[in-house]
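Spelled out, the chains give:
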Amino acid sequence: MAHNDFTKLFDVKDLLDIQRKNILAFSEAQRLAWEGLQAVARRQTEILSQIAGDNSSMVKEVMNGSTPEDKVIRHADLATTAYEKSVANWRELTGMIAGSGKEASDIINSRVVSSLTELTSALDKSGKGSVQKKAA
């Protein structure tokens, strides 16, 4: 038997079915990753709009202080709040990215495990798997 004659090792229909399922799983993982990327981009846009509005309000508040000392204190308070919002936004975005990546990788991982099981089953069904196991 030639080493490259797969038709003697597998039922071609089973092998094609396994590959079809693999392609579907990778397509689903890619779709989820793409949707995750779009959600992150939308949220980044919202955050940037919010930052622009907050900065404008912050300047007005600081300028409305009665004394220079009041302005410095108010500026420090507003800067602290802005920093805390930035950290929270960063955590939100990284959480979105991680969640999207995990969903996509879970699909791929599940499909790899299933694919190997199906491949083993296809070998066993054809009777070739048990011959190779005995030879090994």
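Residues numbered from 1 in each chain as written. Predicted model: local features only at pLDDT ≥ 70, side-chain atom pairs only at ≥ 80, totals over all residues. Heavy atoms only, no water.

### A few points about the overall build of the protein
Next, step 1: The helix and strand inventory of the protein stands at 3 helices and 0 strands.
Next, step 2: Going from N to C terminus, the protein has its helices and strands arranged as α-α-α.
Next, step 3: Within the protein, buried positions represent 18% of all 136 residues.
Next, step 4: A separation threshold of at least 6 residues defines the contact pool for the protein, and within that pool the share at least 24 residues apart is 73%.
Next, step 5: Element-wise, carbon and sulfur atoms account for 62% of the exposed surface of the protein, whose accessible area totals about 9,900 Å². (Helix = DSSP H or I, 4+ residues; strand = E, 2+ residues; numbered from the N terminus. Buried < 20%, exposed > 50% of the residue type's maximum accessible area, 1.4 Å probe, protein only. Contact = heavy atoms within 4.5 Å. Areas by Shrake-Rupley, 256 points an atom, 1.4 Å probe, with all protein chains shown as cover.)

### Overview of the confidence of the model for the protein
Next, step 1: Confidence in the prediction of the protein, expressed as mean pLDDT, is 86, and 85% of residues score 70 or more.
Next, step 2: Ranking the elements of the protein by mean pLDDT puts helix 3 (residues 128-135) last, at 49, and helix 1 (residues 12-63) first, at 92.
Next, step 3: Predicted confidence for residues 131-136 stays below pLDDT 50, and this span has 3 contacts to residues more than four positions away or in other chains. (pLDDT = per-residue confidence, 0-100.)

### Considering the layout of surface pockets
Next, step 1: Put simply, the largest pocket is a space of about 200 Å³.
Next, step 2: Asp-54, Asn-55, Leu-78, Ala-82 and Lys-85 are, among the 13 residues lining the largest pocket, the residues nearest its centre.
Next, step 3: For the lining of the largest pocket, the secondary-structure elements that each account for two or more residues are helix 1 and helix 2 (68-126).
Next, step 4: A total of 7 residues in the lining of the largest pocket trace back to one element, the largest contributor, which is helix 1. (1 Å grid on protein atoms, 1.4 Å probe; cavity = no way out; pocket = protein on both sides within 12 Å on 5 of 7 lines; lining within 4 Å. Points joined across faces, edges and corners; volume = space filled by probe spheres on them.)

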